[in-house]
Amino acid sequence: MKKCEIIFSGVGGQGLLIDGNVLGEAASIVDKKQAVMTCAYGDETRGAFTKADIIISDEYIDFPEALSPDVIVSLAQVAYDRYVDKMKEGSILLYNANQVKEAPSKAKQYGIMMEDLANEANNPQGLNVVALGAMVALTGVASPEGVKKMLAKRFAGKAKVVEGNEKAFNLGYEAGLKLK
């Protein structure tokens, strides 16, 4: 892997910034790669468009924003609509099939019933963690062990949250592997 530009997109309150932070930490601290993250969100945060750009590379990263994304993860229709027709050939568009209606794109599209998997993990707020697991399985940009380690670290002292996130990540990861 030379460089991978990733955008987690959705609406405020979906945990996209957590995904970006955890992925970047896993890639840099555990997997010893270069990683940077920038984010953008609306004034109201909850319910407004939100995104986190993460770039992971084996080499020095000279600009922190995803200009030509290789992967976009969309948890809401508004986010999906923003990117679907701007994707480059061969890129990956992973979306929450519970919320998003697929449209034509140059990207390889993968819809997963992320809300269903989060509920199956008894973690309805873990939609973003399901998405993170699926994205890691599809791309291999970070090790699943590293991501789970950083998730556990982020929520240290909250045993139920850590357990729910691990289940959600594992279900997303398994779903991503099946799509590969």
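Residues numbered from 1 in each chain as written. Predicted model: local features only at pLDDT ≥ 70, side-chain atom pairs only at ≥ 80, totals over all residues. Heavy atoms only, no water.

**Student:** Provide a residue-level description of the pattern of salt bridges, including the pertinent values.
**Tutor:** Taken as a whole and assessed by the stated rule, the structure comprises 6 salt bridges. A salt bridge links Glu59 to Lys2; the nearest nitrogen and oxygen atoms lie 2.7 Å apart. Here Lys2 lies in the segment before strand E1 (3-11) and Glu59 lies in the loop between strand E3 (49-57) and strand E4 (71-74), a separation of 57 residues in the sequence. We classify Glu59 as partly exposed; its relative accessible area is 42%. (Salt bridge = Lys/Arg side-chain N within 4 Å of Asp/Glu carboxyl O. Helix = DSSP H or I, 4+ residues; strand = E, 2+ residues; numbered from the N terminus. Buried < 20%, exposed > 50% of the residue type's maximum accessible area, 1.4 Å probe, protein only.)

**Student:** Now, about helix H6 (residues 159-179): what can you tell me, with residues and values included?
**Tutor:** An ideal rise of 1.5 Å per residue puts 30 Å on 21 residues; H6 measures up with 31 Å between its terminal C-alpha atoms. Listing the buried residues of H6 in full gives Gly164, Asn165, Ala168, Phe169, Leu171, Gly172, Ala175 and Gly176. Across the axial projection of H6, the buried residues extend over an arc of 165°, all falling on one side. What points out from H6, more than 90 degrees from its buried face, is the exposed set Ala159 and Lys178. (Expected span 1.5 Å × (residues − 1). Arc of directions from axis to C-beta.)

**Student:** Would you mind going over the pairing of strand E5 (residues 92-96) in detail, with residue names and values included?
**Tutor:** E5 sits mainly inside the fold: 5 of its 5 residues count as buried. Burial along E5 is two-sided: Ile92, Leu94 and Asn96 facing one way and Leu93 and Tyr95 facing the other are all buried. Direction of pairing for E4 relative to E5: parallel, over a ladder of 4 bridges. Bridge pairing in E5 places Ile72 opposite Leu93. (Pairing = 2+ DSSP bridges.)

**Student:** Explain the packing of aromatic side chains to me, and be specific about the residues and the numbers.
**Tutor:** Scanning the model with the defined rule gives 3 aromatic pairs in all. Centroid distance Tyr80 to Tyr95: 5.4 Å. Interplanar angle 65°. Geometry classified as edge-to-face. One end of the pair, Tyr80, is in helix H2 (residues 77-83); the other, Tyr95, is in strand E5, and 15 residues separate them in sequence. Residue Tyr80 shares its accessibility class with Tyr95, and that shared class is buried. A centroid spacing of 6.0 Å and a plane angle of 20° characterise the contact between Phe169 and Tyr173, whose relative ring orientation is stacked. Here Phe169 pairs with Tyr173, and both are found in helix H6, just 4 residues apart, close to one helical turn. The class for Phe169 is buried, based on a relative accessible area of 0%. The exposure class of Tyr173 is partly exposed, given its relative accessible area of 22%. One residue, Arg82, lies across the ring of Phe49, its end atom 3.6 Å from the ring centre. (Phe/Tyr/Trp six-rings, centres within 6.5 Å; stacked < 30°, edge-to-face > 60°. Lys NZ or Arg CZ within 6 Å of the ring centre and 35° of its normal.)

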